[in-house]
Amino acid sequence: VADNFYRDNKDLKFIMESMMDWEPIIALKENIGEEECPYDNWEEAMASYLDLLEDPVGELAANRIAPRAAEVDEVGCKLVDGEVIYPDPLKRTLKELSDAQLMGMTIPREFGGLGMPETVYTAAIEIVAQADASLMNIFGLQGGIAETINEFASEALKAHYLPLMSSGEYTGAMALTEPDAGSDLAAVQCRAELEPGEDPDTGRWRINGTKRFITNGCGHVILVLARSEDPTKRGGGRGLSFFLVEKSERVTVRRIENKLGIHGSPTCELYFDNAPGYLIGKRGMGLARYTAWLMLAARLAVGAQAQGISQAALEEAEKYAKEREQFGHPISDFPQVRQMLTRMRLQTEAARAMLYAASQVVDLQQGYDKRGDSVNMKKWKQVADAMTPIAKYVTTETANQVCYESIQIHGGNGFMKEYPVERLYRDARITNIYEGTSQIQVSWAISRLVRGDLDVVLDIEAARVPKDPELAALHGQVREMDARLREALAFLKEQPVEYRELVARETTDFFLGVFVSYVFLRQAEKWAYKKDVAQAYIRYIRPQTELNASRVRNAQLMVLAP
Ligand SMILES: Cc1cc2nc3c(=O)[nH]c(=O)nc-3n(C[C@H](O)[C@H](O)[C@H](O)COP(=O)(O)OP(=O)(O)OC[C@H]3O[C@@H](n4cnc5c(N)ncnc54)[C@H](O)[C@@H]3O)c2cc1C
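Because the structure is predicted, anything quoted here is derived from the model rather than measured.

Draft legend 1. Examining the overall build of the chain more closely. From N to C terminus, the chain includes 17 helices and 11 strands. Here the chain has a C-alpha radius of gyration of 23 Å; the compact-globule value for 562 residues is 24 Å, and the two agree. Seen along its three principal axes, the alpha-carbon backbone of the chain occupies a region of about 70 × 70 × 55 Å. Counting the 562 residues in the chain, one finds 57% classified as buried.

Encoded structure:
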């Protein structure tokens, strides 16, 4: 069993230490050379970020959080007299995370946070989720909520709420979903009315209505999407604004859901009864701008949650397959079991490659934004907007597949609560539903792929031919797949939207196969083990590329009715 979830995760450590392009990220993020900056150069900043991942994050995850996960799952959250009660081991964990200053990881230092880049936070969420996936819904949600406040709220709101979130005294929630507004958030009905005589930008509004399925709805700071404009004049998504509502007697948790997994995370139905709220950003931009921005961070967080689950399920399967003997051999000796293990590892590492490629781009986008470089900001925003849904899609679908196979490798034991994989399987199931289902992610992805938003990324990879002749030969194979992908995208450009939607998943998979192959080849230049990974992955992905190329061109919408 790993005793540090960062140090013992060789792939994550390798990506953090050797694959991330830290120099530009740090140059944009930190004011190196200025008094308030704690670092003298980018190497020192990077070393400090990675130290944090090892200790306290990796240490706490392995030795405190993971041993409590089964009890958190078993006890779950309770609603008593309108108050949500967390399980005791979860309370202890939150105290430890707060004491280690980890609840404000991405909050700027001026507000008491650690001011970490998005990539470091993504890695921390992966590590924490490997220990207990449900904890991500408090720990990983905190950053998205706080970053949205930091980016768009008034100075007064920032100064009041961010220090309380940094210390862990306050946690957050994001209240978008309603009974009749799920994937289609433009249908939100919750209302916001300005109090008479108040200034719309800085004054007090009153929020009324019901929100459903709100993770940590008992949190102190709730970001609410509500209808502020007259529907006859400004209907649909354009009539929605974003509000900060503080927990009070005017916000009732009416019920918490009884659910399949993530039992350490309370999923609340909230009723707002004239609850005071303050506008975040501009009126009418609630959905298009602020929800979209929050969801970018939240997608990475859920992707990291799923990645942690995959890692946990993979490690459990590898351990079990070595220990369990049948027919006089460890089951890992059997070709079918070995094949399953290999596929799980490939899928887990492929998903991770995509996740951190996306988080790096989000850091670049945010960095250029901070520096007021709108040209570069727009360039990377376009890439980030396309990459994050793909990363969310692949990490979450992978977690489900890896958990499925991990149970298979455990045989009957995998079905039993005595083995952690039973919980992992249940926890994984929500990841490809919330923060936008996989169908919604690939729908976003295909519109951007067809528009050519990720051509720049493929072009950069295609031009980087490895020096090693074996890797260069593999690179040639990937370039052929890349050419097939571009042909498919050109074909789709001429098709109606309905047709594209039909093949959104295959097209996203097609892109993933090509892009991840390129990334694995880059990794192989720095770590010999990755040469085997790249070879195995390309061998595995090539026939699928053929299949995807054919499916993209020959899809047919069929309704089968006996
Ligand atoms: C445990 C849990 C925690 C949650 N936490 C939060 C939270 O903190 N805050 C919050 O606001 N919400 C939260 N949600 C809500 C979650 O984001 C929604 O459940 C999710 O977005 C899907 O919406 P829905 O359930 O209404 O499904 P629907 O939108 O009704 O979708 C049903 C099915 O139709 C498909 N579908 C819908 N539209 C399309 C389309 N255009 N193209 C293709 N397929 C489509 C979907 O992919 C899905 O398969 C949470 C949900 C759960 C279960």
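Draft legend 2. Just the site of the ligand, in detail. Not every one of the 16 residues close to the ligand is listed here, only the nearest: T177, S183, F213, T215 and T437. The contact in question runs from an oxygen atom of the ligand to an N or O atom on the side chain of S183, over 2.6 Å. For the ligand, the protein covers 65% of the area, taking 970 Å² as the surface of the free molecule. Secondary-structure elements contributing two or more residues to the shell around the ligand are β5 (204-215) and α12 (438-451). Ranked by residues supplied to the shell around the ligand, first place goes to β5 with 3 residues. The residue makeup of the shell around the ligand, split by class, is 8 nonpolar, 7 polar and 1 charged.

Draft legend 3. Examining helix α5 (residues 118-131) more closely. With 14 residues, α5 should cover 20 Å at 1.5 Å per step; its first-to-last C-alpha distance of 20 Å lies within 8% of that length. The buried fraction of α5 amounts to 14 of the 14 residues, a majority that puts the element mostly inside the structure.

Draft legend 4. Up close: the nonpolar core. Of all hydrophobic cores here, the largest spans 170 residues; its most connected members are M16, W22, M105, F139, I149, F272 and M387. Element by element, the count of residues in this core is highest for helix α9 (residues 335-370), at 13 residues. Residues A133, A321, L341 and L424 belong to the second largest nonpolar core, which totals 20 residues.

Draft legend 5. Summary view of the environment of G104. When you line up the elements, G104 lands in the loop between α4 (88-99) and α5. For the pair G104 and A146, spaced 42 residues apart in the sequence, the C-alpha separation amounts to 8.1 Å. Discounting residues that sit within four places of it in the chain, G104 has contacts with G113, L114, G115, M165 and S166.

Draft legend 6. A look at the packing of aromatic side chains. Enumeration over the complete set of coordinates arrives at 15 aromatic pairs. Both rings, one in F242 and one in Y290, keep their centres 6.5 Å apart while their planes meet at 25°; by these two values the pair is stacked. Separated by 48 residues along the polypeptide, F242 in strand β7 (residues 240-246) and Y290 in helix α8 (residues 286-323) bring together distant segments of the chain. Across the pair, exposure class does not vary: F242 and Y290 are buried alike. Taking 5.8 Å as the distance between ring centres and 85° as the angle between the ring planes, the aromatic pair formed by Y320 and Y419 counts as edge-to-face. Taken together, the residues Y320 in helix α8 and Y419 in the loop between α10 (374-410) and α11 (420-428) connect sequence positions 99 residues apart.

Draft legend 7. Summary view of unusual backbone geometry. Look at the link from D55 to P56: it is a cis peptide, with omega at 20°. By secondary structure assignment, the location of P56 is in helix α3 (residues 42-75). With a phi angle near 65°, Q101 is a residue other than glycine that sits in the positive phi range. Along the chain, Q101 turns up in the loop between α4 and α5. The exposure class assigned to Q101 is partly exposed, which follows from its relative accessible area of 44%. Not every positive phi belongs to a glycine, and I262 is a case in point at roughly 35°. The buried category is assigned to I262, whose relative accessible area is 5%.

Draft legend 8. Looking closely at a negative patch on the surface. On the surface, E34, E35, E36 and E110 cluster together into a negatively charged patch. Tracing the chain through its elements places E110 in the loop between α4 and α5.

Draft legend 9. Spatial organisation of α8. For α8, built from 38 residues, the straight-helix expectation of 56 Å at 1.5 Å per residue is met to within 8% by its first-to-last C-alpha distance of 53 Å. Along its length, α8 shows its largest kink, about 30°, at A292. Of all the 38 residues making up α8, 29 are buried; the element is thus mostly covered by neighbouring parts of the structure.

Draft legend 10. Spotlight on the packing of α10 against helix α16 (residues 504-524). Here α10 crosses α16 at 90°, and the two axes come no closer than 11 Å. One element, α10, and the other, α16, form an angle in the roughly perpendicular class. Every residue of α16 that contacts α10 at M387, I390, Y393, V394 and E397 is listed here: R505, T508, D509, F511, L512 and F515. Residue composition of the contact of α10 with α16, grouped by class: 7 nonpolar, 1 polar and 3 charged.

Draft legend 11. Seen up close, the packing of helix α13 (residues 455-463) against helix α14 (residues 469-493). The contact between α13 and α14 brings their axes to 11 Å, and the two run at 155°. With respect to their mutual orientation, α13 and α14 come out roughly antiparallel. The chirality of how α13 crosses α14 is left-handed. Facing D455, L458, D459, E461 and A462 of α13, the residues of α14 in contact are H475, R479, D482, L485 and R486.

Draft legend 12. Inspection of the state of the cysteines at higher detail. A full pass over the atoms with the stated rule returns 0 disulfides. Counting only cysteine sulfurs, C218 is the nearest neighbor of C268, a cysteine outside any disulfide, at a range of 4.9 Å. Accessibility expressed as a relative area gives 0% for C268, which makes it buried.

Draft legend 13. Highlighting the side chain of T395. Assignment of secondary structure puts T395 in helix α10. A distance of 2.6 Å separates the side chain of T395 from the backbone oxygen of A391, its partner in a polar contact.

Draft legend 14. Representation of the pairing of strand β6 (residues 221-227) within the structure. Most of β6 sits out of view: 7 of its 7 residues are buried. Residue alternation in β6 divides its side chains into two sets, V221, L223, L225 and R227 and I222, V224 and A226, and both sets are buried. Pairing of strand β3 (residues 172-175) with β6, which is carried by 4 bridges, proceeds in the parallel orientation. Of the residues in β6, the one forming a bridge with G172 is V221. Alignment of β6 against β7, held across 7 bridges, turns out to be antiparallel. Paired with L223 across the two strands is L244, which belongs to β7.

Draft legend 15. How the structure looks around the pattern of salt bridges. Taken as a whole and judged by the stated rule, the model has 40 salt bridges. With its nearest N and O atoms 3.0 Å apart, the salt bridge here joins R68 to E96. Residue R68 is located in helix α3, and its partner E96 is located in helix α4; the two are separated by 28 residues in the primary sequence. Here R68 and E96 have matching classes, each one buried. With a shortest N-O distance of 2.8 Å, R426 and D73 are connected by a salt bridge. Of this pair, R426 sits in helix α11 while D73 sits in helix α3; the two residues are 353 residues apart in sequence, bridging distant segments of the chain. This pair shows no difference in class: R426 is buried, exactly as D73 is.

Here is what the cut-offs are and how they apply
Residues numbered from 1 in each chain as written. Predicted model: local features only at pLDDT ≥ 70, side-chain atom pairs only at ≥ 80, totals over all residues. Heavy atoms only, no water. Helix = DSSP H or I, 4+ residues; strand = E, 2+ residues; numbered from the N terminus. Rg over C-alpha atoms; globule rule 2.2 N^0.38 Å. Buried < 20%, exposed > 50% of the residue type's maximum accessible area, 1.4 Å probe, protein only. Near = heavy atom within 4 Å. Polar contact = N/O pair within 3.5 Å; in protein donor to acceptor, adjacent residues only side chain to side chain. Areas by Shrake-Rupley, 256 points an atom, 1.4 Å probe, with all protein chains shown as cover. Nonpolar A, V, L, I, M, F, W, Y, C, P; charged D, E, K, R; others polar. Expected span 1.5 Å × (residues − 1). Core = buried A, V, L, I, M, F, W, Y, C linked by side-chain atoms within 4.5 Å. Contact = heavy atoms within 4.5 Å. Phe/Tyr/Trp six-rings, centres within 6.5 Å; stacked < 30°, edge-to-face > 60°. Patch = residues over 30% accessible without salt bridge, like charges linked within 9 Å, V, L, I, M, F, W, Y side chains within 5 Å. Salt bridge = Lys/Arg side-chain N within 4 Å of Asp/Glu carboxyl O. Lys, Arg positive; Asp, Glu negative; His and termini not counted. Charge placed at Lys NZ, Arg CZ, Asp CG, Glu CD. Bend = angle between axes of the 7 residues up to and from the residue. Axes fitted to C-alpha atoms, helices over the stretch in contact; angles between N-to-C directions. Parallel < 35°, antiparallel > 145°, perpendicular 65-115°, else oblique. Left-handed = near helix turned anticlockwise from the far one by under 90°. Disulfide = S-S within 2.5 Å. Pairing = 2+ DSSP bridges.

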